[in-house]
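# Report on the structure
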Amino acid sequence: MGRLFLINLEGNFYSCKHCQTHFALDDDIISKSFHCRHGKAYLFDKVVNVTVGEKEERMMITGLHTVVDIFCVVCGSIVGWKYEAAHEKAQKYKEGRFILERFKVLGPDGSLYMGPQDAHAPGSDADDV
């Protein structure tokens, strides 16, 4: 494995809840109105210190999208996804942008979002991938 070069952000930023690697600036949030299986998710214009998985077609609430999961470059935790393509015209603004799942990252003040109380209710198909 080669040398790992990390980008350290200054100001208010979101980071990995496992290893505190910096991901994105608070100023780069486009929307806080997104949702995932663990609760809130934020749409960002730019994200750093992540690697991407394989492209896949994923049916979401807003239609079919081509996405890649994104992982922390240091610890390998899945932290969200990147929109590669949106198949509906109204969703094109998401292309090339990133979702960070709030449950999987620390907030700018170091806070951890716990999500809805029933996120891991018995019989639920939710998992902490």
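In this report, the structure presented in the accompanying data block is examined. None of these values were measured; they are calculated from a predicted model. (Residues numbered from 1 in each chain as written. Predicted model: local features only at pLDDT ≥ 70, side-chain atom pairs only at ≥ 80, totals over all residues. Heavy atoms only, no water.)

### Quick word on the environment of Val 74
- Looking at the element boundaries, Val 74 is found in the loop between strand S6 (63-72) and strand S7 (78-86).
- C-alpha separation for the pair Val 74 and Cys 19, spaced 55 residues apart in sequence, amounts to 7.5 Å.
- Setting aside its immediate chain neighbours within four residues, Val 74 contacts Leu 4, Leu 6, Cys 19 and Thr 21. (Helix = DSSP H or I, 4+ residues; strand = E, 2+ residues; numbered from the N terminus. Contact = heavy atoms within 4.5 Å.)

### Re the pattern of salt bridges
- If you walk through the whole model with that rule in mind, you get seven salt bridges.
- For Asp 45, the salt bridge goes to Arg 97, with nearest N and O atoms at 3.1 Å. One end of the pair, Asp 45, is in the loop between strand S4 (39-44) and strand S5 (50-60); the other, Arg 97, is in the loop between S7 and strand S8 (98-101), with 52 residues separating them in the sequence.
- By relative accessible area, which is 33% here, Asp 45 ends up partly exposed.
- Owing to a relative accessible area of 24%, Arg 97 belongs among the partly exposed residues under this scheme. (Salt bridge = Lys/Arg side-chain N within 4 Å of Asp/Glu carboxyl O. Buried < 20%, exposed > 50% of the residue type's maximum accessible area, 1.4 Å probe, protein only.)

### Topic: the packing of aromatic side chains
- For the structure shown, the criterion picks out three aromatic pairs.
- Centroid distance Tyr 14 to Tyr 42: 5.8 Å. Interplanar angle 90 degrees. Geometry classified as edge-to-face. With Tyr 14 in strand S1 (residues 13-16) and Tyr 42 in strand S4, this pair connects stretches of sequence that are 28 residues apart. Neither residue differs from the other here; Tyr 14 and Tyr 42 are each classed as buried.
- On the basis of an interplanar angle of 80 degrees and a centroid distance of 6.3 Å, the ring pair of Trp 81 and Tyr 83 is categorised as edge-to-face. We note that Trp 81, like Tyr 83, is buried. (Phe/Tyr/Trp six-rings, centres within 6.5 Å; stacked < 30°, edge-to-face > 60°.)

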